[in-house]
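Here are the chains, one letter per residue:
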Amino acid sequence: MATMSSCFEVCSVPSSTRLLGIEPMCGGENIIVTTEKSVRVYRVRDQKLLHTWSIRQGGQLTSPALFNPRTEEFIVLQNKKTICLWTKDLEHLHKCTKVTVKKPISHLKLLPDADPIIVFEGGSPWWLASITAAPDTAVLDVLDIDEELVWCDVTRRGGGVLVVCVSREAKTNNQSSSYTAYLCELLPGNQDTPDYQTLQLAPPSDASTLLCCCLDEHLMSVWSCGSVCSHSLDSSLAAAEDEGVVVPGNVLHKLDLPKGGVGSVSMVMLGPHHVGLAMEGKDSVQIWDTKFWTLQADRPLQDIAGTGVEKLYRYGDHLIVARQTSVAALSFSTQPTSLAAVMGKQTAEAAALVPQEWGGPAKKRRHLSVESSALLQKLLDPQQTKDLPSFEQMFSELKKDEDLLGSPSAVSQLVQRVVSEDRFWARSALTELVGTGLLSGSSSPGLFERVEKENDLDLWRSCLQNVKELPEASLVARVRHLLGLDDSLLEAESAEVPMETAEQDVPACPLSAAKAALLDQVLCHSYSGLFLQDSLTELQFTQVMVFLRYLQYKLTSAPAPSQGQQGSVLSVDQVVDWLCALVDAHFTQLVLTPESRDVLLGLHEVVRQRLQFYQGLNDLDALLAQLKDKSAPLVTKKQDESLYSIRTIQIF
Amino acid sequence: MGEFRLHDVRFFRYMPKAIHSIAHEQTTNRVAVSRSDGSIEVYSINDNWYQEKIICGDAGRSVEAMVWVGQRLFSAGLHGDIIEYDMTKLIPKYAVDSYGGAVWCMAVNSTQSSIAVGSEDGCVRLFEVTEEELSYSRAFKKQEERILSLSWHESGEVLVTGSCDNIRVWDVATGLPTLRIKVERLVRTRETIVWCVAILRDFTIVSGDSLGKTRFWNGKHGTLIQSHHCHKADVLSLCVSKDETLVWTAGVDPKVIRFEKVAGKEEGSRGSWVRHNVANRHTHDVRALVMTGEYVVSGGVDMTLVAMPVGKLGKQSRNILPFPQRKLVHVAQTARRLLFQYQTRLELWQLGSTAAVSGMPDGRLPITQQPVSLLDLKTKNMKQIVCSAVSGCGTWVAYGDVQHVRLFHLPKEEGVKVLQRVRCLPIDLQPAHHMVFTHDASKLVIATNQGAVQMLHVDAVHPVLVHTFLPPKGSVHPTTISALTVSSDSQWITAAHLDCSVHVYDIKTRKHQCSLPKHPSPVSALTFHPTEPWLMVVHASQQFFEYNVSESRYTDWSRNVQRQGLHQEWLKRSEVVTQAAYNPANPTQILLQDQRMFCVIDKNKKLPKLGSTFYSREKLMKLDPAVREENRHAFAVCRGYRALLHLSFLEDGAELVAVERPIKAVTDKLPPTLSQKRFGT
């Protein structure tokens, strides 16, 4: 996991000069920003400018300035051949100590707790101290004449410092250029010209050019084809000869580069398994995980002035972004990557857990036996079970496998098959399937529609009881079906349902008793008011009127709100919810239509009565609360608080 | 150790008073605390916060401000007088008119030579402190508004005052204001009151006002350096640490906020004051805040004195319960009567009884007879009571105020309850600090306010002063007596003085018998063995000794205790033992009581080993009986009281009377606090 905080601007760069680079000021919280004309030191925390040194007209700085904490000196290159050294107390840069060498210098490099290193354009690295001591030392070129130093970095290896230079040999005849890495180990105190080893960096594909590199244990490179390669820097591979061993890049990942190619990509190591990456054309900084090559974080830079990303630097837990006209910083954090994290499955606890060996028996999964699977396939295949007898026979065979009817997927598959089968109606099988209680509303579309089409009320009721989590749309569809149902179909049912004894002032139920009982079952299901309202708009207006009347009737007769439990008895709060949703969904039409007026007025009257009733309850509640206040000392009085008591006490 | 029948008495409705001001005396590390009834209490911080002295208040006297000049205590209040107190007799020595009406504030300069008094008429007046008294020196130029707060600069040349809407800086030499800082109003018609002000060495002025703002001003130019709006209501008091890097403020919202001076980012730049932390130790307005060096002491309407340690993390702050650390309850052991001493009245109660013989441990017994109030005696002119006593037979009641001793007789006649005041008390009888009847009720022993002990023959018609025992010559000044006791055979009187000396007088020979070896800490409780001439002395440092008076040596048991050392758990208790008593039925048991616990020490049991677990009764109860037996030791501690005011044996030694005043019952009667919006309410 990696995160990036919001970005803030450290400083802006005058457009007249070019930013050369940014270096951390070792041992502090400051960064050194070097342009062609000036060296500035900023404190990142509050973006304060601490020091500025400018170069005189005519001169030009050619490398980012470094700060050597050992000598407390700043080092910068002027006009490629002059090394300037000064301390922070110096006021003007032209008064600094200058050492001029004969050959142009390309890079100045510094590792923490090591001496600075200079790398000549010819590719040979030297300790700075040995050059300043003897500026006239003859420096041999490592690179061939047609080779050009494109990239250079240093890393710690053993007791010394490994300098890696990458050169490009321009080929004349339109071939892709070839790249060579020169590895050179500098040992502290060793003043001699060091030996070097070469590695031929093979491009991952033809005609791709090297965009950028970064150095870790391996050399990581990004190529213009989008490939990210890792090259081993094992010196045993490298030969001492000039003709370096060709090291094929181990392609780690293929970046999705913008079309038309990119001129530059900047990459910086942010930890053992993370790199920061920015590329031309994309105005954002990304953090990639190098183990799995997944994008961990992506932060757009729109809120910072300037465009593009020239280069990325790392400074502590901050990522410094050098843009064309500004330098921005953003803090980042990375956690060790794991597969779980990459998959997005890592929880906070899991992150803290040590991975454990899974030596125990593998978790037993429910697998259908081979025969059952075959049977299931047959059952599911309309071609193999063409008619009802064959289907039922198969099904009865299948029932022997206990596991099958315990598997929700198998059950829902079977239900789908039965429901979609037009040629026969496998009622008994479906009844059993529904009876398993494993179906949910979303996994069995079309079930109710088919049952309704068959006019099978028993099965319909069974479905209503056993199918879980009916979506609101489905609930409304059931309501619609019920309201449209012919009462004659329900006559058989009505005998079973005891008719509620209507009291004098309660309006008669607008629906038959059996229908009302079924409707109550539908309304008792759980729902969300918002979705309910959307679905209720589907109801036809005549049905709305009937439904509204029914709900009004229920409002006058339903029992008090249920306390959390989902009973089969419709309670007032459910009725009110449905009422609200219904009236809300059809409000305009209800208001505009004259025939609804009576119903609405009646409903309003009922609601008002109810409100009055609750108002009365409120008064009673206030009275009782007062009683509780008054009697509180009596009820909660602890025995110990009495004014006088005698007790036996044992002292030991 | 034994089973007792404990009478839990909670009908003593003593109401402590709110704290109005606090003053700290640096050389001996004492704190004077004044309460709303005008009484002043002096605590010795070095002696485990022992309440050494109580100066009784008076209805016509208020204490708004106090200063210590050396060991001398001055107070001033809205009655318009500045009073110096006699710290031995604990009465006002003299009063000087402030010449400006009600006094709101008072401060002494760093050389302790003059006191500045800010009063109602808007004038700062200087009083010179001379050897003998306080003399008016001069007044500063008058301003319109009353002066509510003032502070001396260390140099003594500059004074800063706070009043309504402004802060003024005065030149002491000329008496003219050099600077006037106007404090803004929140509402145009409502003036902003600067309740407290302080000036630091670098002329930074700290002020707290009725807007709830703590402000730091440049005292030379009158510019505002910083303003912190931390309090929700008026900032009433502030105090500054010695090195002037810390400032505490407190006010109507009961928070104590600490500000710390933080050095500037670069050298030479001005430091800033940062709000540091907030302590919520009070429930009501904090009226007074004082820095004693080691503690920040605060007090206010919720009556409890809170001492918060400065700087040391993890050290507990300490709450000093608002009840006097002296006997407010007296028991007539034979008659089973209780005498309650309120500020200005006395109550006598007959204890209830039960017919049940025994019951479950800690179980309640049915009460067959409820306690009966026998007497409710108000003092004349609402004078505050200094001390009181009741005889063992319950027929004699005596009390003393700052001027007189009064004696009452309650004849034991059936049906008739007529209280007779005994007039014609001898004219030589001096005002009392402590008094106690002898066991046979024939004599009343009085510790006078001059450090002597007087013995009065008790008689309903003509009481006679039998003898006055003077402390042996040696000490130049008489010192206040902190504890007094009489042996049950009426042979010995012991008086413990605040200079830590303890003198024993022989009643029969009417001579000074002996003085106990001096222990560095004052005596807080004294008692005699019922049969032997042994004296139990408990010091404020939690040490105790048993002394054989006739042989003038410590008893063997006491030597043994000292040799082995007291358990750390015992020594680190914060409360001071206020009462000690032997069990009359079993004198090997000694009862020690402070405001939070009581302890029965059995001399026959082994002492707790140093470093071993010190089990209290509650902990032992939870243990297995076998383990319990193993862990038993001589100290049977019974914790869990909040303000246990009295505990003593009745005559048979099988019954105990515990008078508790639950602190919650007291705080429930307080006025409502500043209502603050809390989440979810």
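Bear in mind the structure is a predicted one, so any value in this text is a computation, not a measurement. (Residues numbered from 1 in each chain as written. Chains lettered and ligands numbered in written order. Predicted model: local features only at pLDDT ≥ 70, side-chain atom pairs only at ≥ 80, totals over all residues. Heavy atoms only, no water.)

Caption draft 1: Quick look at the nonpolar core. Counting 72 residues, the largest nonpolar core has Leu-447, Leu-536, Phe-547 and Trp-578 of chain A as the members making the most contacts within it. Formed by 27 residues, the second largest nonpolar core is a distinct cluster that contains Ile-646 of chain A together with Phe-11, Tyr-14 and Leu-338 of chain B. (Core = buried A, V, L, I, M, F, W, Y, C linked by side-chain atoms within 4.5 Å. Buried < 20%, exposed > 50% of the residue type's maximum accessible area, 1.4 Å probe, protein only.)

Caption draft 2: Representation of the interface of chain A and chain B within the structure. Listed by partner, the interface residues are 15 residues for chain A and 38 residues for chain B. Surface buried jointly by chain A and chain B totals about 2600 Å² across both partners, of which 55% is contributed by carbon and sulfur atoms. For the pair chain A and chain B, the interface holds 1 salt bridge. Among the ionic pairs, Arg-647 of chain A bridges to Asp-8 of chain B, the shortest N-O distance being 2.6 Å. Our enumeration of links across chain A and chain B arrives at 10 residue pairs in polar contact (both at pLDDT 80 or more). Top contributing element to the side of chain A that touches chain B by residue count: strand E29 (residues 644-651) of chain A, with 8 residues. Residues belonging to the side of chain A that touches chain B are distributed by class as follows: 6 nonpolar, 5 polar and 4 charged. Of the pairings in the sheet, the one linking E29 of chain A to strand E33 (residues 364-365) of chain B comprises 2 bridges and is antiparallel in character. When the sheet's bridge partners are listed, Ile-646 of chain A is paired in E33 of chain B with Leu-365 of chain B. (Contact = heavy atoms within 4.5 Å. Buried area = accessible area lost by both parts, 1.4 Å probe. Salt bridge = Lys/Arg side-chain N within 4 Å of Asp/Glu carboxyl O. Polar contact = N/O pair within 3.5 Å; in protein donor to acceptor, adjacent residues only side chain to side chain. Helix = DSSP H or I, 4+ residues; strand = E, 2+ residues; numbered from the N terminus. Nonpolar A, V, L, I, M, F, W, Y, C, P; charged D, E, K, R; others polar. Pairing = 2+ DSSP bridges.)

Caption draft 3: Main features of the side chain of Asp-253 of chain B. All names here are of chain B. As for its position among the elements, Asp-253 is in the loop between strand E23 (246-251) and strand E24 (256-262). Looking at Asp-253, the relative accessible area reads 0%, which means it is buried. A distance of 3.0 Å separates the side chain of Asp-253 from the backbone nitrogen of Lys-232, its partner in a polar contact. When sequence neighbours within four positions are dropped, the list of residues in contact with Asp-253 reads Cys-230, His-231, Lys-232, Ala-233, Leu-674 and Gln-676.

Caption draft 4: The sheet that holds strand E3 (residues 30-35) of chain B, seen in detail. Residues and elements named next belong to chain B. Read from one edge to the other, the open sheet built from 4 strands follows the order E2-E3-E4-E5, with strand pairing classed as antiparallel. Of all the strands in the sheet, the pair left with one neighbour each is strand E2 (19-25) and strand E5 (50-55). Strand after strand, the sheet turns through a mean of 20° between neighbouring axes, direction not considered. Alignment of E2 against E3, held across 6 bridges, turns out to be antiparallel. Across the sheet, residue His-24 finds its bridge partner in E3, namely Val-31. (Axes fitted to C-alpha atoms, helices over the stretch in contact; angles between N-to-C directions.)

Caption draft 5: Local environment of the packing of aromatic side chains. The final tally for this structure, using the stated rule, is 38 aromatic pairs over all chains. Taken together, a centroid distance of 4.3 Å and an interplanar angle of 40° make the contact between Phe-11 of chain B and Trp-349 of chain B tilted. Here Trp-349 of chain B lies in strand E32 (residues 345-350) and Phe-11 of chain B lies in the loop between strand E1 (2-9) and E2, a separation of 338 residues in the sequence. Across the pair, exposure class does not vary: Phe-11 of chain B and Trp-349 of chain B are buried alike. Through a chain of ring-to-ring contacts, three or more aromatic side chains come together here, namely Tyr-644 of chain A together with Phe-11, Phe-12, Tyr-14, Phe-323, Phe-340, Tyr-342 and Trp-349 of chain B. Lying over the aromatic face of Tyr-342 of chain B, Arg-345 of chain B brings its terminal NZ or CZ to 4.2 Å of the ring centre. It is Arg-573 of chain B that lies over the ring of Trp-570 of chain B; its NZ or CZ is 4.0 Å from the centre. (Phe/Tyr/Trp six-rings, centres within 6.5 Å; stacked < 30°, edge-to-face > 60°. Lys NZ or Arg CZ within 6 Å of the ring centre and 35° of its normal.)

Caption draft 6: Unusual backbone geometry, seen in detail. Residues and elements named next belong to chain B. A positive phi is found at Gln-112, a non-glycine position, where the angle reads about 60°. With respect to the helices and strands, the residue Gln-112 is situated in the loop between strand E10 (103-108) and strand E11 (114-119). Relative accessible area serves as the criterion here: at 33%, Gln-112 is assigned to the partly exposed category. For Cys-424, which is not a glycine, the phi torsion comes out positive at approximately 45°. As for its placement among the helices and strands, Cys-424 is situated in the loop between strand E38 (420-422) and strand E39 (432-437). Note on Cys-424: relative accessible area 52%, which makes it exposed.

Caption draft 7: How the structure looks around the pattern of salt bridges. Residues and elements named next belong to chain B. Applying the stated criterion across every chain, the model contains 40 salt bridges over all chains. Put simply, Glu-660 and Arg-10 hold a salt bridge, and the shortest N to O gap is 3.3 Å. Taken together, the residues span a long stretch of sequence, with Glu-660 in strand E56 (residues 655-660) and Arg-10 in the loop between E1 and E2 at a distance of 650 residues. Arg-10 sits in the buried class, given a relative accessible area of 10%. Note that Arg-287 and Glu-64 form a salt bridge whose closest N and O atoms lie 3.7 Å from each other. Remark: Glu-64 occurs in the loop between E5 and strand E6 (65-69) and Arg-287 occurs in strand E26 (residues 286-291); sequence separation between them is 223 residues. Classification of Glu-64 as buried rests on a relative accessible area of 17%.

Caption draft 8: The arrangement of the pairing of strand E42 (residues 464-469) of chain B in detail. Residues and elements named next belong to chain B. In this sheet, E42 lies alongside strand E41 (residues 453-457) in antiparallel orientation, the contact comprising 5 bridges. Bridging from a neighbouring strand, Met-455 pairs with His-467 of E42. Remark: 6 residues form the turn of the hairpin made by E41 and E42, two consecutive strands paired antiparallel.

Caption draft 9: Quick peek at the packing of helix H10 (residues 472-484) of chain A against helix H14 (residues 541-557) of chain A. All names here are of chain A. With their axes 10 Å apart at the nearest point, H10 and H14 run at an angle of 90° to one another. Between H10 and H14, the interaxial angle falls into the category roughly perpendicular. Counted together, Val-479, Arg-480, Leu-483 and Gly-484 of H10 and Gln-543, Val-546 and Phe-547 of H14 form the full contact between these two elements. Per-class residue counts for the contact of H10 with H14 are 4 nonpolar, 2 polar and 1 charged. (Parallel < 35°, antiparallel > 145°, perpendicular 65-115°, else oblique.)

So yeah, pure geometry; function would need other evidence.
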